[in-house]
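What the coordinates show
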Amino acid sequence: MQGNQQQAYDRGITIFSPDGRLYQVEYAREAVKRGSASLGIRTADGVVLAADRQTRSPLIEEESIEKIHEVDDHAGIASAGHVADARQLIDFARRQAQVEQLRYEELIGIETLTKRVTDHIQQYTQTGGARPFGVALLIGGIEDGEPRLFEADPSGTPYEWQAVAIGGGRDDIQKHLEDEYDPEMDLASGITLALEALAAADDDLQPESVHLATVDAETERFETLSTEELEEYAKEADLGGEDDE
Amino acid sequence: MNNETQNPYEPELGSFENVDEQGETVTKTGTTTVGISTDDGVVIGTDRRASLGGRFVSNKNVTKVQQIHPTAALTLVGSVGGAQSFIRTLRSEANLYETRRGEPMSTHALATLAGNFARGGPFFAINPILGGVDEDGSHVYSIDPAGGVMKDDYTVTGSGMQLAHGALEGEYDESMSLEEAESLAARAVQAASERDTGSGNGLVIATVTEDGVEIEKYDDATELI
């Protein structure tokens, strides 16, 4: 009886531990670490979102592994953690982007979009019977002509970044980004840095397993790069891939 | 949870109630309201008369243009109760938007929101002009009772609109200064006040610039012409 009561705080989502922690939220962060990595880089003329798709078998269709998602023409989201949880948040974000159009006839700002999503996530840390989202998101896009990049974690806290990684191998990727990031870099250099950073956590990174999208400040369009384009950048970055062919 | 259930066409605070449209006992503005955009800002001119059934002047000192945003103003045209409620609703929405996002709503966003509310709300027979200044310059919109939103260089609404349009047509020039626009707005309101029974009792001029909104009352249009 006594033992049960003492442990209850790591079961109920709405219960603080005696030292003020929400264990279910911390466990959700662990779920994010179990996912494959995603990263975001804000460059002078656009945002890069990239992810390493983990494949369980060579027979799986790579395209079906969803890591990077278009939210609206000018915004995208990269995820790490539970894909099914991410899908719910992505759809929420897509609907919020359209609500902004219905209400104001304007493109939703990236900061506003992020805060809508994080406020939504937060509600799942304070509602009885709910479970937090086991996913972290990187929300990137163009707002008033400027590239913006935000992170949303399972607690529902928004953070803005110049460059950031989430998911498994995060520490190695983040270290690489911290060493190599230059705020003046252009979009092409950002793509190269993204591939190098992902390779920092995966020695055998293959261009075909990378999912990479950009939102260019000029066009304000979300675009996914093809495997052929990624191979070109991989060559430039002097990464593996072509050796095996 | 909260954001999901929010109807994009309704105000976030309060709700649209079912109010029956009332007849002649309701105070109407009658009104002539004029909006003119210039490079330096927007001028809005209105008369000051409220009337009952178009036959009795119920108030001779109404300010029919009000600030709803740091750099935007809206006119009261039609049912006074509907127009006042409309203004309160838009003002609170504009305030929420700005405090949440750290920047004010653009004039176009405000016009879209106003159109959505006019279309879905219980405001009835309102036909306001919205004048605003933002990063993209000066803007004048007219909003009709069914939620139609139309942008123009200059526009007029209210019972005296045809008379005021007559005074404006051919006189507007897109290179005119704010002072010239004030004078033109005064002439247009004055012309309508002379012949339209729903308009009169002096005028109010609002100037909207990037620095804010200023509203001045005048007993006689000659003070400006």
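Preceding block: the structure.
In this text, all values refer to a predicted model and were calculated from it rather than measured experimentally.

Let's shift gears to the overall build of chain A. Tallying secondary structure elements over chain A gives 7 helices and 10 strands in all. The globule rule puts the C-alpha radius of gyration for 245 residues at 18 Å, and the 19 Å found for chain A is close to it. C-alpha extents for chain A along the principal axes are approximately 60 × 45 × 35 Å. Considering only residue pairs separated by 6 or more positions, chain A has 67% of its internal contacts joining residues 24 or more positions apart.

Below, the discussion takes up the overall build of chain B. A count of helices and strands for chain B gives 5 helices and 13 strands. Relative to a compact globule of 225 residues, whose C-alpha radius of gyration would be 17 Å, chain B shows 17 Å and is just as compact. When the backbone C-alpha atoms are referred to their principal axes, chain B occupies close to 55 × 40 × 25 Å. Taking all 225 residues of chain B together, the buried fraction comes to 51%. Within chain B, counting contacts between residues at least 6 apart in sequence, those at least 24 apart form 68% of the total.

This part takes up the packing of helix α5 (residues 170-180) of chain A against helix α6 (residues 187-201) of chain A. All names here are of chain A. Running from N to C, α5 and α6 point in directions that differ by 140 degrees, and their axes come no closer than 7 Å. When the interaxial angle is binned, α5 and α6 end up oblique. Crossing of α5 over α6 shows right-handed handedness. Along its contact with α5, which presents Asp-172, Ile-173, His-176, Leu-177 and Glu-180, the element α6 presents Leu-193, Glu-196, Ala-197, Leu-198, Ala-200 and Ala-201. Residue classes in the contact of α5 with α6 are distributed as 7 nonpolar, 1 polar and 3 charged.

Glancing now at the interface of chain B and chain A. Contacts between the two partners involve 11 residues from chain B, matched on the other side by 13 residues from chain A. Among the elements that make up the side of chain B that touches chain A, the one with the highest residue count is helix α3 (residues 107-120) of chain B (5 residues). Among the residues forming the side of chain B that touches chain A, the class breakdown is 5 nonpolar, 5 polar and 1 charged.

We now examine the pairing of strand β3 (residues 41-47) of chain B. Residues and elements named next belong to chain B. Burial within β3 is extensive, with 7 of its 7 residues counted as buried. Every second residue of β3 is oriented toward a common face, with Gly-41, Val-43, Gly-45 and Asp-47 on one face and Val-42, Ile-44 and Thr-46 on the other, all of them buried. Alignment of β3 against strand β12 (residues 203-209), held across 6 bridges, turns out to be antiparallel. Bridge pairing in β12 links Val-43 to Thr-207.

So, on to the nonpolar core. Membership of the largest hydrophobic core comes to 68 residues, with the highest contact counts inside it found for Leu-39, Leu-137, Ile-139, Ala-194, Leu-195 and Leu-198 of chain A. Looking at this core element by element, the count peaks at 10 residues for α6 of chain A. Sequence-distant contacts of Leu-198 of chain A, that is, excluding residues within four places in its chain, are made with Ala-37, Leu-39, Ala-50, Asp-52, Ile-173, Leu-205 and Val-210 of chain A. Core analysis: the second largest hydrophobic core is formed by 60 residues, Ala-50, Val-65, Leu-90 and Val-133 of chain B among them.

Rules of the game
- Residues numbered from 1 in each chain as written.
- Chains lettered and ligands numbered in written order.
- Predicted model: local features only at pLDDT ≥ 70, side-chain atom pairs only at ≥ 80, totals over all residues.
- Helix = DSSP H or I, 4+ residues; strand = E, 2+ residues; numbered from the N terminus.
- Rg over C-alpha atoms; globule rule 2.2 N^0.38 Å.
- Contact = placed C-beta atoms within 7 Å.
- Buried ≥ 20, exposed ≤ 12 C-beta atoms within 10 Å, placed from the backbone.
- Axes fitted to C-alpha atoms, helices over the stretch in contact; angles between N-to-C directions.
- Parallel < 35°, antiparallel > 145°, perpendicular 65-115°, else oblique.
- Left-handed = near helix turned anticlockwise from the far one by under 90°.
- Nonpolar A, V, L, I, M, F, W, Y, C, P; charged D, E, K, R; others polar.
- Pairing = 2+ DSSP bridges.
- Core = buried A, V, L, I, M, F, W, Y, C linked by C-beta atoms within 7 Å.

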